[in-house]
Amino acid sequence: MKADILTAVINIVESRSYNLKDVYIRTNRANSMGDALEKYVVDSFANTFFEKDEEVRLRQIGEIFSYIGNDSNPPDGMLRNGPAIEINKIGSRNAKLQLNSSSPKTKLYSDDPRLTKGAINAEKWTVKDIIYVIGFVDKNNTLKELALLDSSLYCAENNLYEDVFNKIKDGVATIENIDFSPTRELGRVNKIDPLGITSLRIRGMWLVDNPFDTFSYVYEPEKEAVFNLVVLVPSDKFKSSPNYKRLLELEKITEELKIVDIVVKNPDNPAKLINSKKIVFYVSKTTA
């Protein structure tokens, strides 16, 4: 059983599940809303929203995912024989994504030094596409809006970010009269004080405009809806998905689901455009 970005769309549309507080906090599956969003995303791919037997749920998740991650290392998850997944929660619709020390990526490689052994050995793989999942959770802990993005539409090539990072790292290392130690981050300056007991850890913080801002030229939410879903995927990947026919059939019988042909700016060269599919779905107040 192989899952992809369309799998999550189908499961969300058919379940109409979006209430994090009811589904996760009250069932003690999550300790925070960030944790709840991550579990929601996992369930959206595994189709386990309403599975009450936790053992059955975990077995089904294990069939879909080869790896479930943690907050300290990328990725947040890996679909078995499919893309990796990065999940971010924002508390306001115009907030930027905070990726901490892990830069944006259009691909995930198995030799990435930030990966855990669990991710590297989860399955036989060398490179994976990435699905970015961004949830806008408001002050009432309600999931208002969810974006699922193919990374090729959102992030430039990995080398662009890595080159900037390494130039800054090399620049810090050339500062005179400091005891510098290289690390996986930007570095560490040692023995700053006369006793030699104080160090300065230098970390990067990657900030990225959220997709609701980035793709405002092709997407606006349904203003009267209690929940909006937007999905952007290149047209060729849409048509190569084993789930695309099922999604097209679902569109025919679901008034709130629309699939539209669009063009998206190429992240490596905005003068070029990528033929893409925009999938939008909403839950209205009357049907919630």
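Scoring rules and cut-offs
- Residues numbered from 1 in each chain as written.
- Predicted model: local features only at pLDDT ≥ 70, side-chain atom pairs only at ≥ 80, totals over all residues.
- Heavy atoms only, no water.
- Core = buried A, V, L, I, M, F, W, Y, C linked by side-chain atoms within 4.5 Å.
- Buried < 20%, exposed > 50% of the residue type's maximum accessible area, 1.4 Å probe, protein only.
- Contact = heavy atoms within 4.5 Å.
- Helix = DSSP H or I, 4+ residues; strand = E, 2+ residues; numbered from the N terminus.
- Pairing = 2+ DSSP bridges.
- Axes fitted to C-alpha atoms, helices over the stretch in contact; angles between N-to-C directions.
- Parallel < 35°, antiparallel > 145°, perpendicular 65-115°, else oblique.
- Left-handed = near helix turned anticlockwise from the far one by under 90°.
- Nonpolar A, V, L, I, M, F, W, Y, C, P; charged D, E, K, R; others polar.
- pLDDT = per-residue confidence, 0-100.
- Polar contact = N/O pair within 3.5 Å; in protein donor to acceptor, adjacent residues only side chain to side chain.

**Q** What am I meant to see in the nonpolar core here?
**A** It is characteristic of soluble globular proteins that their nonpolar side chains tend to be buried jointly. Judged by nonpolar contacts, the single largest core of 43 residues is most densely connected at Tyr-40, Phe-45, Leu-146, Phe-227 and Leu-247. Each residue touching Leu-146, except ones within four places of it in the same chain, is listed here: Ile-12, Leu-37, Tyr-40, Val-133, Ile-134, Gly-135, Phe-212, Phe-227, Asn-228, Leu-229 and Val-230. Counting residues in each nonpolar core, the second largest holds 39 residues, with Trp-125, Phe-165, Phe-212 and Val-280 among its members.

**Q** Looking at this structure, I do not really get the pairing of strand β12 (residues 225–234). What am I missing?
**A** Each regular strand displays side chains that alternate between the two surfaces of the sheet. Most of β12 sits inside the fold, with ten of its ten residues counted as buried. Pairing of strand β7 (residues 143–150) with β12, which is carried by five bridges, proceeds in the parallel orientation. Bridge pairing in β12 links Leu-149 to Leu-232. Here β12 pairs with strand β14 (residues 269–284) via nine bridges, running antiparallel. From the neighbouring strand, Leu-229 faces β14, where its bridge partner is Phe-281.

**Q** What is the right way to read the packing of helix α1 (residues 5–15) against helix α9 (residues 244–253) from this model?
**A** A pair of packed helices is characterised by two quantities: the angle between their axes and the separation of those axes. Taken N-terminus to C-terminus, the directions of α1 and α9 make an angle of 30°; their axes are 10 Å apart at the nearest point. When the axes of α1 and α9 are compared, the pair comes out roughly parallel. For the element pair α1 and α9, the recorded crossing hand is left-handed. Contacts from Leu-6, Val-9, Ile-10, Val-13 and Glu-14 in α1 reach Tyr-244, Arg-246, Leu-247 and Leu-250 in α9. When the residues that make up the contact of α1 with α9 are grouped by side-chain class, the tally is seven nonpolar, no polar and two charged.

**Q** Hey, could you run me through the confidence of the model for the protein in this one?
**A** Atomic detail in the predicted coordinates should be set aside for any region of low pLDDT. Model confidence for the protein is summarised by a mean pLDDT of 91, while 94% of its residues fall at 70 or above. Mean pLDDT across the elements of the protein bottoms out in helix α2 (residues 20–25) (67) and peaks in strand β13 (residues 257–266) (98).

**Q** What exactly am I supposed to notice about the side chain of Lys-277 here?
**A** The topology assignment puts Lys-277 in strand β14. A polar contact is formed between the side chain of Lys-277 and the side chain of Asp-261, at a distance of 2.6 Å. The residues touching Lys-277, leaving out its near neighbours within four places in the chain, are Val-231, Leu-232, Val-233, Ser-235, Phe-238, Ile-259, Val-260, Asp-261 and Ile-262.

**Q** In this structure, what is going on with the sheet that holds strand β8 (residues 179–181)? I would like to understand it.
**A** Picture the strands of a sheet paired through backbone hydrogen bonds; they go either parallel or antiparallel. Spatially, the three strands line up as an open sheet ordered β8-β9-β10, and their pairing is antiparallel. Of all strands in the sheet, those bounded by a partner on one side alone are β8 and β10 (200–202). Pairwise comparison of adjacent strand axes, ignoring direction, gives a mean angle of 20° for this sheet. Relative to β10, strand β9 (residues 187–190) runs antiparallel, the two being bridged by three bridges. For Arg-188, the partnering residue across the bridge sits in β10 and is Arg-201.

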